[in-house]
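Here is what each chain is made of, one letter per residue.
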Amino acid sequence: MADTVGFLYPGHSAEDDYPRLEAILGEAGTAVRLPLVHTDIGEDAHRVDALLEMGSAARLAAGVAELRERGARAVVWACTSASFVFGWEGARRQARELSEVAGLPASSTSFAFAHAVRTLGADRVAIAATYPEDVAEHFRVFLKAAGAEVVSVRGAGIITAAEVGTWGRAEVLALARAGDHPDAAAVLLPDTALHTAAWLPELEAELGKPVLTANQVTVWEGLRLLGRTAYCPALGALFAGRAPGGRPDHSGHSDRADLRE
């Protein structure tokens, strides 16, 4: 029987990346179920006050019971901005509270990026974000707390997840190209509202370096919580022969020392 990782996903934008990622992993020999429950998004806005409310404990807790009923053995809050906007300690608390409510290992997309950067050994990264610049800056601060050096930050200025969800291949490739930097060992696209699962190999071929995208790293983080590995080059360098970094995190968070091992 396949392992099951459950995801709490805000609203409706790029949730179809998850069945696509499940299918790609299955074709590569990793049998895993990736059920998703939609959380109440509140106001759809890449704005700090709206994001803090979107990631509140009550909104996340509301979807946990359904994920448990669907057999989840770990839970990931599938949102980058409404986790990193709380800051390093706030995001740790968010994940810890989610773990306590679910009674399961838990994490978020922000920690997924931090763990993935460490696993790839990417000492310098560039951020290519859909968000306004001020929100993207919060992600830079979060990654700095994780021990990563961010050499450039580009924000596309998109306010709503609904608009981001309409972007296709051309827009995603353009965002990645615009956000790349010659000193970056990897490029990060941190919005789970952005469809990327179908274009990961093309993104990496275009830039000539690893590309980490929000839904990709979120699924990888779920496997990491279960202590699972997956070899799947169709999902980029992160899945191409590198085991998930570190030990499974059953406390719902990792501290900075763990991230820098």
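Reading the values: the criteria
Residues numbered from 1 in each chain as written. Predicted model: local features only at pLDDT ≥ 70, side-chain atom pairs only at ≥ 80, totals over all residues. Heavy atoms only, no water. Pairing = 2+ DSSP bridges. Helix = DSSP H or I, 4+ residues; strand = E, 2+ residues; numbered from the N terminus. Axes fitted to C-alpha atoms, helices over the stretch in contact; angles between N-to-C directions. Contact = heavy atoms within 4.5 Å. pLDDT = per-residue confidence, 0-100. Core = buried A, V, L, I, M, F, W, Y, C linked by side-chain atoms within 4.5 Å. Buried < 20%, exposed > 50% of the residue type's maximum accessible area, 1.4 Å probe, protein only. Phe/Tyr/Trp six-rings, centres within 6.5 Å; stacked < 30°, edge-to-face > 60°. Arc of directions from axis to C-beta. Salt bridge = Lys/Arg side-chain N within 4 Å of Asp/Glu carboxyl O.

*Asks:* Explain the sheet that holds strand β5 (residues 75-77) to me, using residue names and the numbers behind them.
*Replies:* Spatial strand order, β4-β2-β5-β6: four strands in an open sheet with parallel pairing. Of all strands in the sheet, those bounded by a partner on one side alone are β4 (36-39) and β6 (106-108). Direction aside, the axes of adjacent strands within the sheet are offset by 25° on average. Two elements, strand β2 (residues 6-10) and β5, share three bridges in a ladder whose sense is parallel.

*Asks:* Describe in detail the environment of Phe239, supporting the description with residues and values.
*Replies:* Along the chain, Phe239 turns up in the loop between α12 (214-225) and α13 (256-259). Residue contacts for Phe239: discarding those within four places in its chain leaves Leu25, Gln216, Trp220, Leu223, Ala230, Tyr231, Cys232 and Pro233.

*Asks:* Describe in detail the confidence of the model for the protein chain, supporting the description with residues and values.
*Replies:* The share of residues in the protein chain with pLDDT of 70 or more is 92%, and the mean pLDDT across the chain is 89. Across residues 242-261, confidence stays below pLDDT 50; counting only partners more than four residues off in sequence or on other chains, it has 60 contacts.

*Asks:* So what about the sheet that holds strand β9 (residues 186-189)? Which residues, and what values?
*Replies:* Read from one edge to the other, the open sheet built from four strands follows the order β8-β7-β9-β10, with strand pairing classed as parallel. Unpaired on one side and paired on the other, β8 (149-155) and β10 (211-213) mark the two borders of the sheet. Going from strand to strand, the sheet's axes swing by 20° on average, the running direction of each strand aside. Where strand β7 (residues 124-129) lies against β9, three bridges are found, and the strand directions are parallel. What sits directly across from Val125, in β9, is Ala186. Packed onto the sheet, helix α10 (residues 169-179) meets β7, β8 and β9 and runs at close to 140° relative to β7.

*Asks:* Now, about the nonpolar core: what can you tell me, with residues and values included?
*Replies:* If you look at the biggest cluster of nonpolar residues, it comprises 74 residues, and the most contacted ones within it are Leu8, Leu188, Leu212 and Phe239. Among the elements that line this core, the one with the most residues is helix α7 (residues 109-120), at seven residues. Membership of the second largest hydrophobic core comes to 19 residues, among which are Ile158, Ala176, Ala193 and Leu207.

*Asks:* Explain the packing of aromatic side chains to me, and be specific about the residues and the numbers.
*Replies:* In this description, an aromatic ring pair is defined by two values, namely the gap between the centres and the angle between the planes. Inspection of every chain in the model, using the stated rule, returns eight aromatic pairs. With a centroid separation of 5.4 Å and 70° between ring planes, the pair formed by Phe113 and Phe139 is classed as edge-to-face. Remark: Phe139 occurs in helix α8 (residues 133-145) and Phe113 occurs in helix α7; sequence separation between them is 26 residues. Of the two residues, Phe113 and Phe139, neither departs from the other in class, the shared state being buried. Here the aromatic cluster, defined as three or more aromatic residues joined through ring pairs, consists of Phe84, Phe113, Tyr131 and Phe139.

*Asks:* I'd love a proper account of α10, names of residues and values included.
*Replies:* Taken together, the buried positions of α10 are Val172, Leu173, Leu175, Ala176 and Gly179. Buried residues of α10, seen end-on, are gathered within an arc of 160° and therefore sit on one face of the element.

*Asks:* Could you give me a rundown of the pattern of salt bridges, with the residues and numbers involved?
*Replies:* In total, this model carries 14 salt bridges according to the counting rule given. Among the ionic pairs, Glu89 bridges to Arg92, the shortest N-O distance being 3.5 Å. Taken together, the residues Glu89 and Arg92, both in helix α6 (residues 87-102) and three residues apart, mark about one turn of the helix. For Glu89, a relative accessible area of 42% gives the class partly exposed. Between Arg140 and Glu137 there is a salt bridge, with the nearest N and O atoms lying 2.6 Å from each other. Taken as a pair, Arg140 and Glu137 lie in helix α8 at a separation of three residues, close to a single helical turn. The class for Glu137 is partly exposed, based on a relative accessible area of 33%. One connected set of salt bridges, linked through shared partners, spans Asp3, Arg73 and Arg228.

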